[in-house]
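Next come the chains, spelled out residue by residue.
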Amino acid sequence: SMASPALLMRVVASAYSVAEKAATIVRNVMSAGDLGIVEKAGPSDLQTKADRLVQMSICASLARKFPKVTIIGEEELPTGDVTEDLIEDGHCEEILKKPCPAQYTGIREEELVIWVDPLDGTKEYTEGLLDHVTVLIGIAYGGKAIAGVINQPYYNYEAGANAVLGRTIWGVLGMGAFGFQLTEAPAGKHIVITTRSHSNALVNECISALNPDHVIRVGGAGNKIIQLIEGKASAYVFASPGCKKWDTCAPEAILHAVGGKITDIRGNSFQYNKEVKHMNSAGVLATLRNYDYYASRIPNTVKESLVP
């Protein structure tokens, strides 16, 4: 008989189903009409009923199956009993059938850290920019993002009544990434994607230094990485401290699984061990290809303004 699937593949297979459940919750909250919005640190830092319910669903579902894994979610929520209707017990069979990359076969539960952004692009969600919204589940080992699941609850939402709504992208380092068509941005074009709601002088100075042909401003880190791997943008540049570990962990694993690269603005890789501080204080620079081209053009004034 086949050996039982390695822990990592079981976690990814469960995270896939848990993310699909999360997407259903996100869509249900929106269609019910009461978003239950609260401001956290200010008008650009919002939390909705969907953020709260989805985080409870993801964390409780994964903790029940993998009790020794550390799970860190964006929202600070009261710990209490989670109702059974929020629990997802399923897993994706197709993922379980794939062999685990050799370097990860011996991983134990207590060595994994899962970073969860229940609803990346909350502000956009409240404004009806639904294609910006993602659910992010990133899996780290040895401080490194090694696997990730990104769900887009509203993928295809403009495609008409019969379109299948939503999709789940997933990837594992050493295996690749699945659920989308990998596409490179047009050669010779410098299309920079950046923040929509957290712009400032530094962010803009950094972008002008790259002399882009085009700048795209959208919400959500997950959304921006998807634009890179689908060839809509050549570089994701954010010269500001707003991004957190749960924003970058899942997208980083997927980007790295297809040969891309993400660092802070100064070129340092992100660390994802459980003791690490949550803020990516030195911003984000990510590309699918040609990382060095963009990294070499970040002004020193910008680098000096951002302390890791």
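What you see is a predicted model; the values in this text were computed from it and never measured.

Would you mind showing me how to read the pattern of salt bridges here?
A side chain of one charge can pair with a side chain of the opposite charge if their charged atoms are brought near each other. Applying the stated criterion across every chain, the model contains twelve salt bridges. Note that Asp45 is salt-bridged to Lys40, the shortest N-O span being 4.0 Å. Using a relative accessible area of 26% as the deciding quantity, one classes Asp45 as partly exposed. Note that Arg108 is salt-bridged to Glu111, the shortest N-O span being 3.9 Å. Several salt bridges converge on common partners, so that one network encompasses Lys40, Asp45, Glu74 and Glu75.

For this particular structure, what's the right way to read the side chain of Thr122?
By the element assignment, Thr122 lies in helix α4 (residues 122-126). Looking at Thr122, the relative accessible area reads 9%, which means it is buried. The residues contacting Thr122, other than those within four sequence positions of it, are Leu46, Gln47, Thr48 and Asp51.

Would you take a moment to explain the sheet that holds strand β5 (residues 134-141) for this structure?
Sheet strands associate in pairs through backbone hydrogen bonding, adopting either a parallel or an antiparallel arrangement. If you trace the six strands from one edge of the open sheet to the other, you get β3-β4-β5-β6-β7-β8, paired in mixed fashion. Each edge of the sheet is formed by a strand with only one pairing partner; in this case those strands are β3 (70-73) and β8 (176-178). Within this sheet the neighbouring strands show an average axis-to-axis angle of 15°, counted without direction. Pairing of β3 with strand β4 (residues 112-120), which is carried by four bridges, proceeds in the parallel orientation. Bridge pairing in β4 places Thr70 opposite Val113. Strand contacts of helix α2 (residues 49-65): β3, β4 and β5, with the helix running at about 155° to β4, the strand carrying the most contacts.

Please explain the sheet that holds strand β11 (residues 235-238) as it appears in this structure.
If you walk across this open sheet you meet the five strands as β10-β9-β11-β13-β12, and the pairing is mixed. The open sheet has two edge strands, β10 (214-217) and β12 (261-263), and neither has a second partner. Each neighbouring strand pair of the sheet contributes to a mean axis angle of 20°, computed without reference to strand direction. Bridge count for β11 against strand β13 (residues 284-287) is four bridges, and the pairing is antiparallel. Paired with Phe238 across the two strands is Val284, which belongs to β13.

Looking at this structure, I do not really get the pairing of β5. What am I missing?
A regular strand places its side chains on the two faces of the sheet in alternate fashion. Taking burial as the measure, the eight residues of β5 include seven buried ones, the bulk of the element. Where β4 lies against β5, seven bridges are found, and the strand directions are antiparallel. When the sheet's bridge partners are listed, Asp120 is paired in β5 with Thr134. Hairpin connection from β5 to strand β6 (residues 144-152): two residues lie between these consecutive antiparallel strands, with Gly142 at a positive phi of about 60°.

Just to check I follow, could you spell out the pairing of strand β9 (residues 191-194) for this structure?
Across the two faces of β9 the burial is the same, with Ile191 and Ile193 and Val192 and Thr194 all buried. The sheet contact formed by β9 and β10 spans four bridges and is parallel. Bridge pairing in β10 places Ile193 opposite Ile216. Across two bridges, the pairing between β9 and β11 is parallel. Within β11, the position partnered with Ile193 by the bridge is Tyr236.

Looking at this structure, how should I read helix α7 (residues 245-257)?
Because each turn of an α-helix spans 3.6 residues, side chains separated by three or four positions in sequence point in the same direction. The terminal C-alpha atoms of α7, which comprises 13 residues, lie 18 Å apart, in line with the 18 Å expected from a rise of 1.5 Å per residue. Where α7 bends most, the angle comes to about 25°, and this point is Pro251. Taking burial as the measure, the 13 residues of α7 include twelve buried ones, the bulk of the element. Along α7, the residues that are buried comprise Lys245, Trp246, Asp247, Thr248, Cys249, Ala250, Pro251, Glu252, Ala253, Ile254, Leu255 and Ala257. Among the residues trailing α7, Gly259 stands out with phi positive, at a value near 85°.

Even after reading the chapter, I still don't get the packing of helix α6 (residues 221-229) against α7, so can you show me in this structure?
Relative placement of two packed helices is described by the angle separating their axes and the distance separating the axes. In contact at an axis separation of 9 Å, α6 and α7 are set at 15° when each is read in the N-to-C sense. Between α6 and α7, the interaxial angle falls into the category roughly parallel. Handedness of the crossing formed by α6 with α7: right-handed. Residues Ala221, Gly222, Ile225, Leu228 and Ile229 of α6 lie in contact with α7, whose contacting residues are Asp247, Pro251, Ile254 and Leu255. Considered class by class, the residues forming the contact of α6 with α7 number seven nonpolar, one polar and one charged.

How should the packing of helix α1 (residues 7-32) against α2 be read in this particular structure?
Their axes nearest at 9 Å, the elements α1 and α2 cross at an angle of 160°. Classified by the interaxial angle, the pair formed by α1 and α2 is roughly antiparallel. Here α1 runs over α2; the crossing is right-handed. Contacts between α1 and α2 involve Ser14, Ala15, Val18, Lys21, Ala22, Ile25, Val26 and Val29 from the first element and Lys49, Ala50, Leu53, Val54, Ser57, Ile58, Ser61, Leu62 and Lys65 from the second.

Calculation notes
- Counting restarts for each chain, with residues numbered from 1 along the sequence as it is written.
- Per-residue local features are limited, in this predicted model, to residues with pLDDT of at least 70; the limit for side-chain atom pairs, both in listing and counting, is 80 or more; totals at the level of whole chains, interfaces and linings are taken over all residues.
- No hydrogens and no water enter the side-chain calculation; it runs on all heavy atoms of the structure.
- Whenever a carboxyl oxygen of Asp or Glu lies within 4 Å of a side-chain nitrogen of Lys or Arg, that contact is scored as a salt bridge.
- Only protein chains enter the accessibility calculation, which uses a 1.4 Å probe. A residue is then buried if its area is under 20% of the maximum for its type, exposed if over 50%, and partly exposed in between.
- Under the scheme used here, helices are H or I runs from DSSP no shorter than 4 residues and strands are E runs no shorter than 2 residues, and both carry numbers assigned from the N terminus.
- Residues count as neighbours in contact if any of their non-hydrogen atoms are within 4.5 Å of one another.
- Two strands qualify as a pair provided DSSP detects at least 2 bridges between them.
- Whenever a helix is involved, its axis is fitted only over the stretch in contact; in every case the axis is a line through C-alpha atoms, and angles between N-to-C directions fall within 0 to 180 degrees.
- To estimate how far a helix should extend, the number of its residues minus one is multiplied by 1.5 Å.
- What is called the bend at a residue is the angle between a pair of axes, fitted to the seven residues leading up to and ending at it and to the seven starting from it.
- Here is the rule for angles: anything less than 35 degrees is roughly parallel, anything more than 145 is roughly antiparallel, 65 through 115 is roughly perpendicular, and the remaining ranges are oblique.
- Helix crossings are classified by the rotation of the near helix relative to the far one: an anticlockwise turn of less than a right angle makes the crossing left-handed, while a clockwise turn makes it right-handed.
- Each residue is assigned to one class: nonpolar for Ala, Val, Leu, Ile, Met, Phe, Trp, Tyr, Cys and Pro, charged for Asp, Glu, Lys and Arg, and polar for all the others, Gly among them.

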